[in-house]
Amino acid sequence: GYGEYLVKTSLEVIEKEDSVLNAFISVNKDAKPGIPIGIKDNINVKGLGTTCASKILKDYIAPYDATVVKKLKSMNFSIVGKTNLDEFAMGASTEYSAFGPTRNPHDKSRVAGGSSGGSAAAVASGEVVVALGSDTGGSIRQPAAFCGVVGFKPSYGLVSRYGLVAFASSLDQIGPITKNVEDSAIVMNIIAGKDEMDSTTVERNIDFTQFIGKKMPKKRFAIAKQSFGEGVDDGIKQRVDEFAKFVESLGHEVELVDIDEIKYSVATYYIIAPAEVSSNLSRFDGVKYGYRISAEGLREMYEKTRGYGFGEEVKRRILIGTFTLSSAYYDAYFEKAQKVRRKISKKLSEVFENYDFIVTPTSPITAFEVGSVSDPLVYYLMDIFTIPANLAGLPAISVPFGKSQNLPVGIQIMGPRFSDALVLGIADEIE
Ligand code: GLN
């Protein structure tokens, strides 16, 4: 049948493309007939590996399906492989993978973005029609922008994280990466919903496709002034400007709005996320998940296993998190960051009292050359526009909008919490 043909074709394209792209960590040669989908390798698919692109989980086989995977399987999706990522989803380029970087299908000397770089490259290259990613600070939207595809981070609480390896639980969401907005809406209808296995999920019966293909009523757009600030590529500033004019030509209202609080987002996130990392990753101790380096004593076993198993960025985050949570520094860092997080959320809510959507570039830059960045701070600063949506739990989409120096540019549209269907609808109209 057709599903057999689709999976066969998908596996053939992977066979042809992936030796260079490296979008997949593992390929499921036994995939059943269905709609071919790639799943980020921090989401469990029963019987396949879940490596999180880490040496510490290199031989781990998932004993159960994540809720999202179970739902997709029941709707005839077929998992053709597990996609590459930055180790434990910490990164913005997929260069921090223990399995080597993923390359951008538009220019193979460049990164695919991250951390869901494998998922974005797999969709952009036609290896699969859809892939799942996870987004803690931009990891669905930024690689989608770099690869010229659509990436959607749902409102916090709409999609179950049961079976997702936790990075920073107060920020993590699973979402789709697709060629077009409609496909993302269709996937959302399948994966969303309250789940007993994830107590942060909420009951909201949203039809994510309700505005797809329809003319939207007049909406108000706030273009964040910060889109034109320091550190944003000129070509990207130009696309934002054109985007604003285009939206206006569709009959919507557009205004430039100063959202100064955006400038605190990176500092806030890089306190909160590592704090949660230091706690979430303590479970990888050489006892519970297989991989172990034997040693004389328990403490030495932990040290050797974690010392060898984790890569440099993951260790950096664990150390930062352990430091900021330590009793002497808790008030100065973690508590302060929580306050600023609330301040940023409040500011965004205020903007949404007057506007339906907030627009920024997804990333201040386009895809860069593999190996060209070495300073961790340079990576952290790339997340400036994507982080606010995670801190505030908002839905946000990245849609391709032209190019800058021949590389794809993504525009981000953010909406109030649970306005996911409207965000998808407006993105579909613009696309
Ligand atoms: N680049 C960000 C980080 O390194 C975001 C990652 C993500 O969303 N998983 O933490």
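A quick note: this is a predicted structure, and the numbers were derived from the prediction, not measured. (Residues numbered from 1 in each chain as written. Predicted model: local features only at pLDDT ≥ 70, side-chain atom pairs only at ≥ 80, totals over all residues.)

Observations concerning the overall build of the protein chain
Then, in step 1: A count of helical and extended segments in the protein chain gives 13 helices and 13 strands.
Then, in step 2: For the protein chain, whose C-alpha radius of gyration is 20 Å, the value lies close to the compact-globule estimate of 22 Å for 431 residues.
Then, in step 3: Structurally, the protein chain occupies a C-alpha span of about 70 × 65 × 45 Å along its principal axes.
Then, in step 4: Within the protein chain, buried positions represent 55% of all 431 residues. (Helix = DSSP H or I, 4+ residues; strand = E, 2+ residues; numbered from the N terminus. Rg over C-alpha atoms; globule rule 2.2 N^0.38 Å. Buried ≥ 20, exposed ≤ 12 C-beta atoms within 10 Å, placed from the backbone.)

Comments concerning the pairing of strand β9 (residues 220–224)
Then, in step 1: Across the five residues that make up β9, a large majority, four, are buried.
Then, in step 2: Both β9 and strand β10 (residues 253–257) contribute to a ladder of five bridges, which runs parallel. Residue pairing for β10: A222 is matched across the bridge by E255.
Then, in step 3: A crossover links β9 with its parallel partner β10, the connecting element being helix α6 (residues 234–249), and its sense is right-handed.
Then, in step 4: Here β9 runs beside strand β11 (residues 357–361); their pairing, made up of three bridges, is parallel. By the bridge assignment, F221 is partnered in β11 with F357. (Pairing = 2+ DSSP bridges. Right-handed = clockwise from strand over helix to strand, strands pointing away.)

Quick notes on the site of the ligand
Then, in step 1: Around the ligand, a shell composed of 14 residues is seen, among which A89, A92, T136, G137 and S139 lie nearest.
Then, in step 2: Each residue belonging to the shell around the ligand can be placed in one class, and the counts come to five nonpolar, seven polar and two charged. (Near = placed C-beta within 6 Å. Nonpolar A, V, L, I, M, F, W, Y, C, P; charged D, E, K, R; others polar.)

Brief notes about the environment of P36
Then, in step 1: Positionally, P36 belongs in strand β2 (residues 35–40).
Then, in step 2: Classification of P36 by C-beta neighbours within 10 Å gives buried; the count is 27.
Then, in step 3: Distance from P36 to Y289, taken between C-alpha atoms, is 29 Å for residues 253 residues apart in sequence.
Then, in step 4: Contact partners of P36, with chain neighbours within four places excluded, come to L6, V7, S10, S78, V80, V128 and V129. (Contact = placed C-beta atoms within 7 Å.)

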